[in-house]
Amino acid sequence: MAQLLELLFVPAVLFMVIVAPLWLIFHYVTVWKTQRNAGRADQGAMNTMWETARRLENRVAALEKLLDAEAPGWRGKAL
């Protein structure tokens, strides 16, 4: 048993000193690149939502204008 531990000690140390840090670095570089690309896609979706919201606000304003002209007391009426 002691010989097995001695035999595995050097590869374990090499793994922890060389392989594990490189593995972590490459992993987080990949994560950062993915997040950066996702951020661009999120920005495009946000712009689309802002444009949709602006158009909907314009529609609501137009409808309110029509209702004010057709039924002046519509805001005070209960549903």
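Right above here is the structure, for reference.
Residues numbered from 1 in each chain as written. Predicted model: local features only at pLDDT ≥ 70, side-chain atom pairs only at ≥ 80, totals over all residues. Heavy atoms only, no water.

A. View of the pattern of salt bridges. Applying the stated criterion to the full structure yields three salt bridges. A salt bridge links Glu-51 to Arg-54, with the nearest nitrogen and oxygen atoms 2.4 Å apart. Here Glu-51 pairs with Arg-54, and both are found in helix H1 (residues 2-70), just three residues apart, close to one helical turn. Glu-51 sits in the partly exposed class, given a relative accessible area of 34%. Arg-54 sits in the partly exposed class, given a relative accessible area of 41%. Glu-64 serves as the salt-bridge partner of Arg-75, at 3.8 Å between the closest nitrogen and oxygen. Here Glu-64 lies in helix H1 and Arg-75 lies in the segment after H1, a separation of eleven residues in the sequence. Each of Glu-64, Asp-68 and Arg-75 takes part in a single network of salt bridges with overlapping partners. (Salt bridge = Lys/Arg side-chain N within 4 Å of Asp/Glu carboxyl O. Helix = DSSP H or I, 4+ residues; strand = E, 2+ residues; numbered from the N terminus. Buried < 20%, exposed > 50% of the residue type's maximum accessible area, 1.4 Å probe, protein only.)

B. Quick peek at the packing of aromatic side chains. Here the structure, examined in full by the defined rule, presents two aromatic pairs. Between Phe-15 and Trp-23, the aromatic rings sit 6.5 Å apart at their centres with planes inclined by 85°, giving edge-to-face as the arrangement. Taking relative accessible area as the criterion, Phe-15 reaches 39% and is therefore assigned partly exposed. Accessibility expressed as a relative area gives 58% for Trp-23, which makes it exposed. The interplanar angle of 35° and the centroid separation of 6.4 Å between the aromatic rings of Tyr-28 and Trp-32 together place this pair among those described as tilted. Of this pair, Tyr-28 and Trp-32 both sit in helix H1, four residues apart, which is roughly one turn of that helix. (Phe/Tyr/Trp six-rings, centres within 6.5 Å; stacked < 30°, edge-to-face > 60°.)

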